[in-house]
Each structure stands twice: as structure tokens, then as C-alpha cells.
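# Breakdown of the fold
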Amino acid sequence: QAAAQAVKATDGQVLVYDGGLIDATFFSCSGGRTETAVEVWGSDVPYLQSVDSPGEEAPHNEDTVSFSTEEFSARILSQNPAADLSGSPESWFGAVSATEGGGVEALEIGGVSFTGKELRSLLGLRSTVFAVSVMGDEIFFQTRGYGHRVGMSQYGANILAKQGLSAEEIVQHYFSNTTVGYYDG
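First things first, this report covers the structure right here in the doc. (Residues numbered from 1 in each chain as written. Predicted model: local features only at pLDDT ≥ 70, side-chain atom pairs only at ≥ 80, totals over all residues. Heavy atoms only, no water.)

## What to know about the overall build of the chain
To keep it simple, the criterion reads: Helix and strand labels come from DSSP, where a helix needs a run of H or I of at least four residues and a strand needs a run of E of at least two; each type is numbered from the N terminus. Buried means the residue's accessible area, taken with a 1.4 Å probe over protein chains only, is under 20% of the maximum for its type, while exposed means over 50%, and partly exposed covers the values in between. In what follows, a contact means two residues having at least one pair of non-hydrogen atoms within 4.5 Å.
When its secondary structure is counted, the chain shows six helices and 11 strands. Along the three orthogonal principal directions, the C-alpha set of the chain runs to about 65 × 30 × 25 Å. Counting every position in the chain, which comprises 185 residues, the buried fraction comes to 41%. Put simply, of all contacts in the chain between residues at least 6 apart along the chain, 60% involve residues at least 24 apart.

## Here we look at the packing of aromatic side chains
Threshold: In this scheme Phe, Tyr and Trp rings, the latter by its six-membered ring, pair at centre separations within 6.5 Å, and the angle between planes marks the pair as stacked below 30 degrees, edge-to-face above 60, and tilted otherwise. A positively charged side chain is recorded as over a ring if its NZ (Lys) or CZ (Arg) lies within 6 Å of the ring centre. The angle to the ring normal must also be within 35 degrees.
Applying the stated rule across the entire model yields seven aromatic pairs. By way of ring pairs, the aromatic residues Phe67, Phe72, Trp92, Phe93, Phe130 and Phe141 are connected into one cluster. Over the aromatic face of tyrosine 146 sits the side chain of arginine 126, whose NZ or CZ is 4.4 Å from the ring centroid.

## Quick notes on the environment of glycine 19
Along the chain, glycine 19 turns up in the loop between β1 (13-17) and β2 (20-21). Remark: the alpha-carbon pair of glycine 19 and serine 73, spanning 54 residues in sequence, is separated by 49 Å.

## A word on the sheet that holds β1
Backbone-to-backbone hydrogen bonds pair the strands of a sheet. The strands run either parallel or antiparallel. So the rule is basically this: Being paired, for any two strands, means DSSP has found at least two bridges between them.
A sheet is described by the order of its strands in space; here three strands give the open sequence β2-β1-β11, paired in antiparallel fashion. In the strand order of this sheet, the two ends are held by β2 and β11 (179-182), each with one partner. Sheet topology note: the β1/β11 ladder contains four bridges and is antiparallel. If you follow valine 16 over to β11, its bridge partner there is threonine 179.

## A few points about the sheet that holds strand β6 (residues 104-109)
What counts is decided by this rule: Throughout, an axis means a line fitted to C-alpha atoms (over the contacting stretch in the case of helices), and angles, computed between N-to-C directions, take values from 0 to 180 degrees.
Pairing is antiparallel in the open sheet, where three strands are placed in the order β5-β6-β7. The open sheet terminates on both sides in strands that have one partner only, identified here as β5 (93-98) and β7 (112-115). Across the sheet, the mean angle separating the axes of adjacent strands is 20° when strand polarity is ignored. Note: β6 against β7, four bridges, orientation antiparallel. Opposite glutamate 108, over in β7, you have serine 113 as the bridge partner. Packed on one face of the sheet, helix α4 (residues 116-123) meets β6 and β7 and runs near 80° to β7.

## Overview of the nonpolar core
Inside soluble globular proteins, nonpolar side chains tend to come together where they are buried. Stated precisely, the cut-off is as follows: Residues belong to one nonpolar core when they are buried, are Ala, Val, Leu, Ile, Met, Phe, Trp, Tyr or Cys, and are joined through side-chain atoms within 4.5 Å.
Judged by nonpolar contacts, the single largest core of 21 residues is most densely connected at Phe72, Ile76, Phe93, Ile109, Leu119, Leu123 and Phe141. Of all the secondary-structure elements, those providing two or more residues to this core are β4 (62-68), α3 (69-79), β6, β7, α4, β8 (129-135) and β9 (138-144). Apart from the residues within four sequence positions on either side, phenylalanine 72 is in contact with Phe67, Trp92, Phe93, Ile109, Leu123, Ile139 and Phe141.

## Considering the packing of helix α5 (residues 154-162) against helix α6 (residues 167-174)
Using the following cut-off: We call two directions roughly parallel when the angle between them is under 35 degrees, roughly antiparallel when it is over 145, roughly perpendicular when it lies between 65 and 115, and oblique otherwise. Handedness of a helix crossing follows the sense of rotation of the near helix relative to the far helix, less than a right angle counterclockwise being left-handed and clockwise being right-handed. When residues are grouped by polarity, Ala, Val, Leu, Ile, Met, Phe, Trp, Tyr, Cys and Pro land in nonpolar, Asp, Glu, Lys and Arg in charged, and all others, Gly among them, in polar.
For the pair α5 and α6, the least separation of the axes is 10 Å and the interaxial angle reads 140°. The angle between α5 and α6 falls in the class oblique. Once α5 is placed against α6, the crossing between them reads as right-handed. Along the contact surface, α5 presents Gly156, Ala157, Leu160 and Ala161, while α6 presents Ile170, His173 and Tyr174. Grouping the constituent residues of the contact of α5 with α6 by class yields five nonpolar, two polar and no charged.

## Details of the packing of α3 against α4
The geometry of α3 relative to α4 is characterised by a closest axis approach of 11 Å and an angle of 125° between their N-to-C directions. Between α3 and α4, the interaxial angle falls into the category oblique. Handedness of the α3/α4 crossing: right-handed. Contacts from Phe72, Arg75, Ile76, Ser78 and Gln79 of α3 reach α4 at Glu118, Leu119, Leu122 and Leu123.

So, to be careful, I would describe these as geometric facts and stop short of saying anything about function.
Here it is in C-alpha cells:
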């Protein structure tokens, strides 16, 4: 019902940046902040920048995935056999750097740098916003957010709507420096 109403209310409206239609990417939930397109897809898109997306109460906003040390080792070494996974599992993890949107840009594992995107794919994580912990012979990845986190958060947009923002205000929050135009078809 609400979705049908929203479609009807915005019929014929389009989002425009610099005279052209935008690529209106979206995802489930961000974990508190969206990500820049350059961090995820490698090219900067002026309207796909990192913005706050607070209050997302999504069912999978937080999630934990665990691996035995053997399974984790096998996955890491399949991606890069140069990783040194000798010694205690706690010693495998080194320097970590973050993206503007709070995701893992890179994490050193066994002396080899892995991007957050690689690890998300390799380990089946819900997002690149994660923390790692080791307990005994298990390795835990606690994630926040669900999806690539570029563009509009579906749960975040819902929160903003409940706070009284209009559809136009919501899309302009998530898609920086865009304007709403009309398409007559």
C-alpha cells in the first residue's frame, strides 16, 4: 500500500545530476553511514558520496559470522597463498585501514593486505563494516550494515520518512547535489 502510494506520488519524477539522469543505487542498510562509490566500484561518482544514515533498525543490520581456524585459513590461502598463517590466530591479523564510510578499506592477514571488498566476497560477509575477534580456534566477524552501502539505504530512507522528510528531501540526502526533474515520457 505505502509503496504503491509512493510510486503514484512521484510518477514522472527523476533525479538529475549535471543535466543527466543518475544511477540511483540502493541497498538494505548501511550500519550508520553510506559508502562512496569510489571505495566500492573504483570510480568517483560526485552524487554517490558517504553520508550519515542513522537509526536503521534493520533485521540484519548487525550479524556475526564465525569460521574455524582451518576453514578461515583455507579461504585466505585460496585467495592468496603468500599469506603466512603460522603461529596463533591472533597473530595473523595486522594493520587495518578504514574508508570514509567506515568500512574496512584493507586488512593485513598473514602479512598480506586484503581489501574489505575481497574479504566481504571471500567470507560471505553482509558488508565491509566489520570487526574481527579470535576465541580459541574460532574467528568471528561481526558486521554492521547489509549490502554494498552505496547510494540510498532502504531502512535509512524509511527512518527519514518517519521523521517527516519528503521523498525529495530523502533522495537528495542520499544522492548528493542532485535535483528532482520531470520526465514526460
